[in-house]
Each structure stands twice: as C-alpha cells, then as structure tokens.
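Below are the chains, spelled out letter by letter.
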Amino acid sequence: MTAETLIALVACALVGIGLYGLIVQPHPLRKLVAFNVMGSGVFVIFGALARRGAAAGMPADPVPQALLITAIVVAFAATAMTVALLLRLIESTGSASLAAEPPAADGEAR
Amino acid sequence: MSTEGGLLLAAAVLLPFAGMLLGVPAGGRRAQRTAFIVMPLGLAVAVGIAFTWLDASGPVVYVLGGWAPPLGIALRADGPAVAMLLAVAGVVTGIGLFARADFGTPKGSAESRAAYSYWLLLLAVWGSLNLVFVSGDLFTLYVALELLTFASVPLVCLAGSGETLRAALRYLLFALCGSVLYLLGAVLVFGAYGTLDIALLAQRVRPEAASWTIVALMTAGLLAKTALFPLHVWLPPAHAGAPPAASALLSGLVIKGSWFLVVRLWFDAMPGVVTLPSAQLLGALGAGAIFFGNAVALRQARLKLLVAYSTVAQIGYLFLMFPLAFDAGSGRIADGVALSGGIMQAISHATAKSAMFMAAGSIYSALGHDRIADFAGLARALPVTVFAFGLGGFSLIGLPPAGGFLAKWWLLSAAASSGQWWWALVLLAGGLLTAAYLFVVVSRALRAPDAPLVVAPIGRYREPATLALAMASALLGLVALFDVPGLPIGRLPAGA
C-alpha cells in the first residue's frame, strides 16, 4: 500500500466519523466538532489527491493546495459563525439545545 | 476567450459586493443609501447582460485575468443564468423598496443594528446569487454557495429572539453538512478528471463509479441546502421567524441558489452520467414535498407559517423537471421544454413568494398578529395587500396568464411527450391543494367582521412594492405570446 492510499483511507474514516457525529450528536457544539472532523477528512483527501496527481519532478500538484487554503478559510469562517450564534443562543435562552420549545404564544415571533 | 460584453458578468458580481464593502464603514443610514444606489445599477447590468446574450446568440463568457481554464477561471452566462440574473435583480429591488418601512433609518434617528445588517446582507445575498449564476467552475461555485449561506443565516435571526437564533443555528448546521458533502464531491471531481471547469468536465466525464459517487454526494449536499423534502425541517421555522423583508429574500431567492447548482450539475456538468432511476428519485422527492408541504400548509393557523410550508411544497415543483428532462432515447438529460419549465417555475415562485411574504408582513404589522382565524374584515382594511397576496397565490396555483401557469404548461407538455403521465397527475393535484389553502386565507379575509377592524398604518412603499412583484408573477406567463429567442428551449444553440 502506498502512502497516498493509506492517507486517503484515513481521510475516508474521518469523513465517515464526522458525518455520523453530525447526524447523531444532539448538542450543537458536538455537531460543530463533527463538522470540523468531516471537513478535515475532505482536506486530507485533497492533499492525497494532490500527491497522486503530481507531475514528474514535482512533490505535489500545486492547484489543490491553492484551493485547499481557500476551503480551510471558508471552514474556519463557518466555525466562527456557528460559535458566535451558539453563544448568542445561550446568552438569550440559557440553553444550547436545538429542540423546539413548546409552541409559542400567538404573535410572539414575526 | 472572453466574448464581447463579458466584463458585465464581472460587474454583476462585483457591484453588490462593492456596495456592501462601502456600506460597512459608512454606517446605518448611508448603508441603506448605498443599497439604493446599487439597485438600479445592478438592474441595468442585468439588462445589459440580457441584451449582450441576445446579440451574441450564445453564452456570454468572461475569462478572469485572461487565464483560460483549466488553469484560470471563466464566468459564463447562458439562457438560464441570464433569466435568473434578471429575475433576482428585479425581486431584490422590489424587496428593497418594501424593506424601507421596516429597516429604513429616518433622518435624525439613531442607527439600529438590525437595519444596518439588513442592507449589507441584502447586497451580500444578491452578489453571491449572481456569482452562483455566472460561475463556470465547481470550486468557485462552492465559495459562492458558502457566501450565500453566510449572508442568509444572519437574516434569519435579525430579530435576535431565542426562537430565531435556534432556527438560524439549525439552518446553519444543515447548510454546513450540505457544503462539506458538496466540497467532497468537488475534490473527487478534481482527483478523477483533473479539472473543475464545468465545460471541460462535461467533455471528460464518463459514467462510472467515480462520477456516480460525485453526483450523489454533491446532489445530497445541495438538497440539504435547498430544503427539499425530507430535508426541509429547518425551513419553516427559519423562514417564518425572520422579519418579512428577510423572509421574502430567503424564500424567494436564496433557496434558488443551491437549486440552480443542482441544475448546473445535472444539465451542464454531467448530463450523460445521471441515470433515469436517479432522476425519478429526485422527482419522487419533489412529489413528496408537494403533497407534504401543501397538506401541512392547509393545517397552519398562522399566515407566515402557511406561506413557509407553501415554499416547502413549491420547492418540490422545481425538482419535477429532472425526470421530465431525461431523454430515454439517448439515455441522458437533455435541454428542452422541461428545463424552461423549471426555470420559469423558479422565477414565478421567486416573484410570487416574495410578494406573499411581504403581504403577510404588512398584515402582521397592521393587525399585530397573523392568526388566519381572525382575518375577518381584512380585505376591506388592506385591499391592496390582500389583492397582492391573492395574485401571488393565483400564480402558485398556476392559472393563466401567470408565470406558474406557463411553468406547469411546459412541464405538463414535457410529461406528455416523454410519456411520464404520473408527473402530470402530481402537477395537477398539487395545484388543487395549493388552491385549497389559499381559498381558506382569502375567504377569511373577505368575511365581514363582527367589530370594526383596527389597523395600524403600514408605510407608504410597502403596498406598491408588494403589488408590483405580485403583478410581475401573475403576468409573467405572457412572455409566451412574444417571440423571445431561446424560449421555450431555454437556451440558444451553440455550446460551451
């Protein structure tokens, strides 16, 4: 087994674990961590593909690396935004649960 | 290489974002003014792109920096993209006029955070949508999709209550799951075919395990963002909880972004890869959405939730085009009357649904509630608003000459010519269910009240803006009378 195949298999496991956590974990913070695990898996797959697609004499294909930086920035921004929303939610309701409250009184939300 | 007028595509994307960036330091009142300067300019750019497209009799292309794909990035506008650019520019302008009542900052009053954020987010949503329509590259589309999500999630929780924060967080988590699946698909595309450019990919892709995995991953991710049944659970609380000017934007336009990406993927990138059973599955989910959304809408006691569930149902129609566009002879997705039907459905729903959310918002602020059971006398108190709501519904039901009628007509003729009669039944039954819940609302509003109805003033610009969008939707079907090039085929011949 080559190094790239091994790395790609590990990455697949990360994606699987992340997706499982994202669906199964009820707490939003755990969901967020699962999202990051899954995202890391995708980034590692991209890295392995860059290595596999390298031209002769080059250690790796540079295009995936350039895209990877962008994708990491996007994932970072998404994580920051989720944490900010979560903090506001705890501030205003005292809990971080996503479960809906009992039906609100009429005309409360608009 | 870039075609003539290609620079307009870059302008369509840059203009809203430039306005947003200027608005950030400028502050509340000036942010609003920037938005109102960008609106006519953006509308003019969209019209300019449409005329360039008509003259060029082919897609408008702009190659960024002169670097051709696969190394560089190309912006392309074909028929569907041009139609969506025009529709979004029009609807954003209508919503902007309406939003002055809620988010205007009158002279001398202090800047409020919700108003300041609203105008910036409005421009950000517009810019991201334009980028989704003109991108010719799967990775640029990923970035565009993320920008769209980041702009629309804060719109959900502008009011800042616990309920809306929860809805926004749930929406964000669904969207993140969807985007990571989409990104995984894009990564695999690059690994398997060495390009992310849609036109190049269409030449290289073959039906095999890798491409099937890619389509499945990307489509699943995009469906979570589009809220197709059964992934719709985040939509009703998010769209019904947002302020009306934000709901109109979210329900009318934002969901069309990820839907348009599914269209790009199935029609442009991989038309020969997708199979008939997978197209039928998308259609079946769409049919599920139509029946479930309409049935639940019928049982809602509050108007905004009713309109939000109606969106769940209308998303279903957007996915009926996929099985109808499948050409059994050549075993691939083909451009044709089904694609035109789908795009027309997207545009007529965008105009009708934003008008209906705006009408629901006006009713809420006039009455102080939106309980359908207490609507007696409303038609006399707010005749224009109720009329606009009815016109929007008229288009959703699909009565001539509304845009919804033309969309259904094209989809029905595609169903007839491909022999898929079951989708015709779904289309017709869905229209009947839509008529049922609209009848409930309008007949309540027409009833005479027990006591005279007290209504609060709702602002000067709301009613004309709502009526204009509703009229646009109700008369959109008349384009069939004119000789518009590319209709009903949806795009002009000549590839790439």
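Rules and cut-offs
- Residues numbered from 1 in each chain as written.
- Chains lettered and ligands numbered in written order.
- Predicted model: local features only at pLDDT ≥ 70, side-chain atom pairs only at ≥ 80, totals over all residues.
- Helix = DSSP H or I, 4+ residues; strand = E, 2+ residues; numbered from the N terminus.
- Rg over C-alpha atoms; globule rule 2.2 N^0.38 Å.
- Buried ≥ 20, exposed ≤ 12 C-beta atoms within 10 Å, placed from the backbone.
- Contact = placed C-beta atoms within 7 Å.
- Nonpolar A, V, L, I, M, F, W, Y, C, P; charged D, E, K, R; others polar.
- Expected span 1.5 Å × (residues − 1).
- Pairing = 2+ DSSP bridges.
- Core = buried A, V, L, I, M, F, W, Y, C linked by C-beta atoms within 7 Å.
- pLDDT = per-residue confidence, 0-100.

**Section: the overall build of chain B**
Counting its secondary structure elements, chain B contains 18 helices and four strands. A compact globule built from 496 residues would reach a C-alpha radius of gyration of about 23 Å, and chain B, at 21 Å, matches this within 12%. Within chain B, buried positions represent 62% of all 496 residues. A sequence separation of at least 24 residues applies to 80% of the contacts in chain B between residues at least 6 apart.

**So, the interface of chain A and chain B**
Contacts between the two partners involve 33 residues from chain A and, on the opposite side, 31 residues from chain B. Those elements giving two or more residues to the side of chain A that touches chain B turn out to be helix 1 (3–24), helix 2 (28–52) and helix 3 (62–93) of chain A. In terms of residues, the side of chain A that touches chain B owes the most to one element, helix 3 of chain A, which gives 15 residues. Residues of the side of chain A that touches chain B, tallied by class, amount to 22 nonpolar, seven polar and four charged.

**A short note on helix 13 (residues 337–367) of chain B**
In an α-helix, one full turn covers 3.6 residues, which means residues spaced three or four apart are oriented alike. Residues and elements named next belong to chain B. Across its 31 residues, helix 13 extends 44 Å between first and last C-alpha, which sits within 8% of the 45 Å expected from 1.5 Å per residue. Summarising burial for helix 13: 29 of the 31 residues are buried, a large majority. Positive backbone phi, approximately 85 degrees, marks G368, located one or two places after helix 13.

**Focus: the pairing of strand 2 (residues 74–77) of chain B**
Residues and elements named next belong to chain B. Side chains of strand 2 alternate between two faces, with A74 and R76 and L75 and A77 buried alike. Pairing of strand 1 (residues 60–63) with strand 2, which is carried by four bridges, proceeds in the antiparallel orientation. Of the residues in strand 2, the one forming a bridge with V63 is A74.

**Side note on the nonpolar core**
Residue and element names in this part refer to chain B. Grouped together as the largest cluster of nonpolar side chains are 225 residues, with contacts concentrated most on I49, L85, V125, A168 and L249. Top element by residues in this core is helix 6 (residues 162–193). It accounts for 21 residues. Aside from chain neighbours lying at most four places away, what touches I49 is L8, L9, A12, V60, A77, V82 and L85.

**Some thoughts on the environment of B:S57**
Within the secondary structure, B:S57 sits in the loop between helix 2 (28–56) and strand 1. Sequence separation between B:S57 and B:G79 is 22 residues; the distance between their C-alpha atoms is 9.8 Å.

**Observations regarding the confidence of the model for chain A**
The predicted model of chain A has a mean per-residue pLDDT of 84, with 90% of residues at 70 or higher. Below pLDDT 50 for its whole length, residues 104–110 of chain A participates in 12 contacts with residues either more than four positions away or in separate chains.

**Quick word on helix 4 (residues 113–134) of chain B**
Over its 22 residues, helix 4 of chain B extends 32 Å from the first C-alpha to the last, a length consistent with the 32 Å expected when each residue adds 1.5 Å. Along helix 4 of chain B, 19 of the 22 residues are buried, which leaves the element largely enclosed by surrounding structure.

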